[in-house]
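# Structural overview for review
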Amino acid sequence: METLTILGTPKTPTVEMNVDSGIIEIKGRSIPENSIDFYRPIVEWIDQYADSAAPETKVNIQLEYFNTSSSKCILDVFKKLEQVFKKNGDKGVVINWFYEEDDEDMLEAGEDYQSILKIPFKMIELEE
Amino acid sequence: MAIDIDSWYNEVIEGDVVVHYKGAISADLITRVLEHIENELAIRNEKSKLRKKVYNVMVEALQNLFHHTGLQPENSKTGEIEKNFAIFVLKKLPDGNFNVISGNFVEEPRVKFLKDRMDQINYLTLDELKILYQLILNNQEYSDKGGGGLGLVDIAKRTGHEYEYSFHNQTNGYYFFCLKILITN
């Protein structure tokens, strides 16, 4: 299994998923017209990763904007990570949800996911 | 009642317009328009919070148009059928708030669905909208376009304002759907 790297575009985020370090990063904007196609390889990668996950998986989500089409796909990504968490136990997975200091909507979006999922979330404010 | 779309368009582009468009809508066009809006709002020194709100609402409004514009019925003047026809306008109001106005054709069976959806959203409080958003987010359903019906709820949740809308019976089972969204500071 290899590290998955996807370069960012004006409508899609930069993705870096490292199987050895267990660090998963999604950064930038996620506003494509069709999010299902974009997120499919990410979901498939985590599916495979679940079988040989690092002892600790650190997920950094730092999105400036995301559309509603992406919001469901991001939930799918988190649900796959929930399976890794269930296998690996307490310290297995942590999701760091970054948001800019004045962006209450982005904080609230993170809290929405937190309330749906059973994975530890950390809300991290970025200073401008 | 049918409306004269050209006159309506001329009316809605009056004022301090940030962007206006009438024609076929595509993913590339949306990319360019969003970039233009972002630059324009920065040049105008709008507050970051308002800029983000306007940008988010434009993303959802434009992508709703992209996914749901039907065929334009035959143009009465040219006799041509234009695919993915839509109108959209973003303008700043004298009080500093923004309006997003859009227009597109919808087929008759969709009119009732849209009316019911917007009436329901208009009736709900902000807290209820947040709950509805979470319910739809987690209902495991995708539409064939991937959105899953969250767009209109998301816009209302962000703006906190009711939708103003009208449907105009144009021709051959097609209605013209006019939508106005208010974004305040």
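Our subject in this report is the structure included herewith. (Residues numbered from 1 in each chain as written. Chains lettered and ligands numbered in written order. Predicted model: local features only at pLDDT ≥ 70, side-chain atom pairs only at ≥ 80, totals over all residues. Heavy atoms only, no water.)

### A look at the sheet that holds strand β4 (residues 57-66) of chain A
Residue and element names in this part refer to chain A. With respect to topology, six strands assemble into an open sheet ordered β1-β2-β3-β4-β5-β6, the strand pairing being mixed. Two strands lie at the open edges of the sheet, namely β1 (4-6) and β6 (121-126), each paired on one side alone. Here the strands of the sheet are splayed against their neighbours by 15° on average, with no regard to which way each runs. Pairing analysis gives six bridges linking strand β5 (residues 93-100) to β6, with the strands arranged parallel. Along β6, the bridge assignment pairs Phe98 with Ile124. Contacts between helix α2 (residues 68-88) and the sheet are confined to β3 (23-30), β4, β5 and β6, with β4 contributing the most and set at about 175° to the helix. (Pairing = 2+ DSSP bridges. Helix = DSSP H or I, 4+ residues; strand = E, 2+ residues; numbered from the N terminus. Axes fitted to C-alpha atoms, helices over the stretch in contact; angles between N-to-C directions. Contact = heavy atoms within 4.5 Å.)

### Notes on the pattern of salt bridges
Once their charged atoms are close, side chains differing in charge can pair, the charge on each being opposite to the other. Evaluation of the coordinates by the stated rule reveals 21 salt bridges over all chains. Between A:Lys27 and A:Glu25 there is a salt bridge; the shortest N-O distance is 3.9 Å. With its nearest N and O atoms 3.7 Å apart, the salt bridge here joins A:Asp103 to B:Lys52. In this pair, A:Asp103 is assigned in the loop between β5 and α3 (104-116) and B:Lys52 in helix α3 (residues 48-68), connecting two distinct chains. Overall, the relative accessible area of 9% leaves B:Lys52 in the buried class. Three or more residues joined by partner-sharing salt bridges are found here, namely A:Glu100, A:Asp102, A:Asp103 and B:Lys52. (Salt bridge = Lys/Arg side-chain N within 4 Å of Asp/Glu carboxyl O. Buried < 20%, exposed > 50% of the residue type's maximum accessible area, 1.4 Å probe, protein only.)

### A short note on α3(B)
Here α3(B) spans 30 Å end to end across 21 residues, near enough to the 30 Å set by a 1.5 Å rise per residue. Where burial is concerned, most of α3(B) is hidden: 15 out of the 21 residues are buried. (Expected span 1.5 Å × (residues − 1).)

That is the geometry; function is a separate question.
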